[in-house]
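# Coordinate analysis (summary)
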Amino acid sequence: MSSDDSGGTPAAAPGTADTSRPAGGGPAPGAGRSGDRAPSPGKGGEHEGGKQAAEHGEPEVPYGPDRRAFGEAYDQGRNLTTDGPMAFIRDTEVDRMHIGDRHYHFATGGTGRRWGSVRDEERTQVRARYVRVAGFEDMRSTLGDRRVLLLCGEPGSGRFTTAVRLLDELVPGQICRFEAGQALASLTEGDFERGHGYVLEVAGEVGGPTGEAELDKLRDLTDRCGSWLVVTAEPDGLAGRRLGGYAAPHPAPDHRQVLRSHLAQEVRGGDRDVRDLLGELAGTPRLQKALGPAPRPAEAAEMARLLARHGRREITLEEVENEAALLVREQVLEWFASLPGLRGAALRDALDLAAFRISLAVLNRSPYHMVTEAGRDLAERFGKGLKDASTSPSPFTDDQRNRLPGSRAEITDGRLSFGRISLPTGLAHYSDDRLPVVLLSHVWKNHHNLRAAMVGWLKALSKDARPMIWVRAAQATGLFCSLDFHFTFQSMIRPGATANGGKCKQRRLFAAVALDQAARDDRVAEAVDERLKYWRRHGSYAERWTAAAALGYDLGRRSIEVTFEELRVLGTPSERHLALDWLADLSLVSDLVQTSGYSVANLFAFGEVEPVLAKLAEWAVDERQSVRNLAWWAMLFMISMHGYDLNHLRMSAGRSKRPTARTRERWPLLLALQDEQPHLTARIAHLLRWGLRGRRADYVAKYLFGPWMRAAGQEDECMRALVAFVPHLVHDEFDARRLCHLINRLRHDWSDPLADNAAGLLESAVRLHRPDTREEAS
């Protein structure tokens, strides 16, 4: 036996005990002969997932085969926090609210009629600032010929302002607006005055009561009265074909043109250079980010007003940014403003839409069917609290053509993983990435009656097997924890952290991810740290397991040395028991060791590459067997990671560039890193050489050379990197003999034998660089 060159420790693998089965679930002495199946790490291969892991030649990880999907979900939800640029949500309150799709607030008259007039000054502003939308000429022609025009556009697209501008060209100074909710069928000649133009907004999409026959009656009515009427409604995709030519689509105007038009009027009569400078400032990335990627016309107009105030030195540029960010919150306020006044079927429909928007906020950038499935469940939970539950929603109410535009959302091409494979798919998401955190924060802080339903809903999602669902639900829980720590911790996080029984590991992971997300908010980070330290010292087994898992994410990177110390203690549970007591609970001890080791490996994938390599080199020569065993498990998990593990967590590592090339996504992570960063080669090789020595060498070799060779067999460049790396595992003649012996045994392995050509390449690389061969060559 040779000595471990990292510190003179005997070559026995760390954690190997003189019992019939080594601690940590490694093979018993003498096990692992040719044709033997290596036991799964953990409870002798008998615990959940252990058998599957052994059959597939990989150590069991907490997420099973869905680690790549977990990484995708985790990365997508990291910005669901009120820290950093979203801190304005915490303390500010909106003192104004914009309803509908007007650019301005129009006053109603006090005549007692069902309509109100538009003031002269408002019409003057529309004339000066209006930006024509596509199809404006056709709209004007239809209104002039038929006296009735149906504008089909999304709320917030400026439909009302377009209606006012169209009528202003026909009947200057005589424009009125009917009360919201006015039914078309209820209009009579007494509601119209000759020479006046009217605007009526109907709720929902066209069709139903807004049919062609109804519009024909309105045409006859307005013709007798000598009036004109513009009706606005949401589109259903068929209006232009079935409504007799009354309908016209209404797209939103270009927000950049709206901003320029309003800015020109806001600084009218002032210095032209100032106006040009403000226009250039509006186009800077800083203010474009504040306004958002898809602002409504009203939001662009408000940005122009803010810039004009900045030009007059009334507010600073930072205040412009803050005020612009609040516009997103106004949209959310508008969505939920009508809920308190609704009853019956109207309330149910509104709650269904609210549930969809909440679901989309939690599952932003997920497949549409996942969003609607979760949204329906939440809507049912909301509906249980209604006194009139007799009205069932239509099976067509979740049509994405209707739901997405009205929620300022869309579907774009993306990818979603299944196992190791990334598949193309459409992903539903809000057009402005600030909307999810603003919406969820508003609901949690202002609609307490919805909390009970949402708590039950999120708990149900925590048990869903799909990472894209349970991980994102955990991150939403973390956001709620940062907004109301005591309530959310007690009602949602603690039950998961203490879970036992079915799906207990996933529920603990749910709590771990939620705590990691909550700690992104610096106001509660200290409370999270305190609770994890308490669990480490005084917690139950489940709580210690949860603490160990939580430290493997961004939370653990905030103070990496403290994290290593916490994981060292959590990952050596045998030190807490008497020599004989802990053997009676070997399975739980092993499970906690693995979880702690996996968190160390996860920190490596999060970008803490050099700190983890340094710490494992230290632990590998520790005098305590328990510490060496923890290092051994961390190493084994690192061996099984792939390039995409670092890619999907690249933002966690604080990088703007891809840490590994896309062509190396499916390479073994350690192999890809040392190939791209040669200064890491010696340290990675030293760690693996340590693992390949001792009584568990077969076990390590199987998971090292088996999957690595299969990956290399699919790509010549990967094979080139592996063959170039293998010689670094040879430090002396004992290493060379051991590697050749292990490669030969893998060639004859019963379940996953190495191909002869691959084994031959590895053997040639070892023999070429073995010490005696190098001496003969010299």
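Below or above, wherever it landed, is the structure these notes cover. (Residues numbered from 1 in each chain as written. Predicted model: local features only at pLDDT ≥ 70, side-chain atom pairs only at ≥ 80, totals over all residues. Heavy atoms only, no water.)

## Some thoughts on the overall build of the protein
Across its full length, the protein carries 36 helices and eight strands. Evaluated residue by residue, the protein yields a buried proportion of 57% over its 778 residues. Within the protein, contacts between residues at least 6 apart in sequence are counted, and of these 74% link residues at least 24 apart. Carbon and sulfur atoms provide 50% of the accessible area of the protein, an area that totals close to 32,500 Å². (Helix = DSSP H or I, 4+ residues; strand = E, 2+ residues; numbered from the N terminus. Buried < 20%, exposed > 50% of the residue type's maximum accessible area, 1.4 Å probe, protein only. Contact = heavy atoms within 4.5 Å. Areas by Shrake-Rupley, 256 points an atom, 1.4 Å probe, with all protein chains shown as cover.)

## What about a nonpolar patch on the surface?
A contiguous nonpolar surface patch, about 310 Å² in accessible area, is contributed by Phe-418, Ile-421 and Leu-423. Within the element layout of this structure, Ile-421 appears in strand β8 (residues 421-430). Given the relative accessible area of 37%, Ile-421 is considered partly exposed. (Patch = residues over 30% accessible without salt bridge, like charges linked within 9 Å, V, L, I, M, F, W, Y side chains within 5 Å. Salt bridge = Lys/Arg side-chain N within 4 Å of Asp/Glu carboxyl O.)

## Here we look at the nonpolar core
Leu-439, Leu-440 and Leu-688 are the most contacted members of the largest nonpolar core, which has 163 residues in total. Not counting the four nearest positions on each side in its chain, Leu-688 is found in contact with Met-635, Ile-639, Leu-670, Leu-704, Trp-708, Phe-725 and Leu-729. Membership of the second largest hydrophobic core comes to 22 residues, among which are Phe-178, Val-202, Leu-218 and Val-231. (Core = buried A, V, L, I, M, F, W, Y, C linked by side-chain atoms within 4.5 Å.)

## Some details on the packing of aromatic side chains
Think of a pair of aromatic rings as described by two things: how far the centres are apart, and how the planes are tilted against each other in angle. Per the stated rule, a full pass over the model turns up 22 aromatic pairs. The interplanar angle of 40 degrees and the centroid separation of 6.2 Å between the aromatic rings of Trp-708 and Phe-725 together place this pair among those described as tilted. Of this pair, Trp-708 sits in helix α32 (residues 697-713) while Phe-725 sits in helix α33 (residues 716-725), placing them 17 residues apart in sequence. What makes Phe-725 buried here is its relative accessible area of 1%. Through successive ring pairs, a cluster of aromatic residues spans Phe-70, Tyr-74, Trp-470, Tyr-553 and Phe-606. (Phe/Tyr/Trp six-rings, centres within 6.5 Å; stacked < 30°, edge-to-face > 60°.)

## Some thoughts on the side chain of His-429
Looking at where His-429 falls in the secondary structure, it is placed in strand β8. Within the local environment of His-429, its side chain forms a polar contact with the side chain of Thr-412, the two groups lying 3.1 Å apart. Discounting chain neighbours no more than four positions away, the residues touching His-429 are Leu-360, Asn-364, Arg-365, Ala-409, Glu-410 and Thr-412. (Polar contact = N/O pair within 3.5 Å; in protein donor to acceptor, adjacent residues only side chain to side chain.)

## Here we look at the packing of helix α27 (residues 609-620) against helix α31 (residues 681-691)
As a packed pair, α27 and α31 sit with axes 10 Å apart at the nearest point and diverge in direction by 35 degrees. Of the two possible hands of crossing, α27 and α31 adopt the one that is left-handed. The segment α27 lies against α31, with Glu-610, Leu-613, Ala-614, Leu-616 and Ala-620 engaging Arg-683, Ile-684, Leu-687 and Trp-690. (Axes fitted to C-alpha atoms, helices over the stretch in contact; angles between N-to-C directions. Left-handed = near helix turned anticlockwise from the far one by under 90°.)

## Here we look at the environment of Leu-646
Along the chain, Leu-646 falls in helix α29 (residues 643-647). Taking the C-alpha atoms as reference points, Leu-646 and Phe-604, separated by 42 residues in sequence, lie 8.6 Å from one another.

## Quick word on unusual backbone geometry
Unlike most non-glycine residues, Arg-365 shows phi in positive territory, near 65 degrees. With respect to the helices and strands, the residue Arg-365 is situated in the loop between α14 (344-362) and α15 (368-383). In this structure, Lys-503 takes a positive phi of about 55 degrees despite not being glycine. With respect to the helices and strands, the residue Lys-503 is situated in the loop between α20 (485-497) and α21 (504-518). Accessibility expressed as a relative area gives 43% for Lys-503, which makes it partly exposed.

## Re the pairing of strand β2 (residues 148-152)
Within β2, five of the five residues are buried, leaving the element largely enclosed by the surrounding structure. A two-sided burial pattern is seen for β2, the buried positions comprising Val-148, Leu-150 and Cys-152 on one face and Leu-149 and Leu-151 on the other. By the bridge criterion, five bridges tie β2 to strand β5 (residues 228-234) in an arrangement that is parallel. Across the sheet, Leu-151 pairs through a bridge with Thr-232, a residue of β5. (Pairing = 2+ DSSP bridges.)

## Let's talk about the environment of Ala-614
With respect to the element layout, Ala-614 can be found in helix α27. Considering only alpha carbons, one finds Ala-614 and Leu-687, 73 residues apart in sequence, at a separation of 9.8 Å.

## Quick word on the packing of helix α9 (residues 255-266) against helix α12 (residues 297-311)
Between α9 and α12, the shortest axis-to-axis distance is 8 Å and the interhelical angle comes to 35 degrees. Our pair here, α9 against α12, has a crossing hand that is right-handed. On α12, the residues that touch His-255, Val-258, Leu-259, His-262, Leu-263 and Glu-266 of α9 are Pro-297, Ala-300, Ala-301, Met-303, Ala-304, Arg-305, Leu-307 and Ala-308. Among the residues forming the contact of α9 with α12, the class breakdown is 10 nonpolar, two polar and two charged. (Nonpolar A, V, L, I, M, F, W, Y, C, P; charged D, E, K, R; others polar.)

## What to know about the pattern of salt bridges
In total, this model carries 56 salt bridges according to the counting rule given. With a shortest N-O distance of 2.8 Å, Arg-286 and Glu-321 are connected by a salt bridge. Taken together, the positions of Arg-286 in helix α11 (residues 285-291) and Glu-321 in helix α13 (residues 317-337) put the pair 35 residues apart, joining distant regions of the chain. Between Asp-516 and Arg-520 there is a salt bridge, with its nearest N and O atoms 3.2 Å apart. Its relative accessible area of 2% is what places Asp-516 among the buried residues. Overlapping salt bridges bring together Arg-127, Arg-132, Glu-137, Arg-140, Arg-165, Asp-168 and Glu-169 as one network.

## Side note on helix α5 (residues 136-146)
If you check which residues of α5 are buried, you get Phe-136, Met-139, Thr-142 and Leu-143. Viewed along the axis of α5, the buried residues span an arc of 125 degrees, placing them on a single side of the element. Summarising the geometry of α5, the exposed residues directed more than 90 degrees from the buried face are Asp-138 and Asp-145. Taken together, the buried residues of α5 touch β2, α6 (159-170), β5 and β6 (247-249). Phi for Arg-147, located one or two positions after α5, is positive at around 70 degrees. (Arc of directions from axis to C-beta.)

In short, geometric facts, not functional conclusions.
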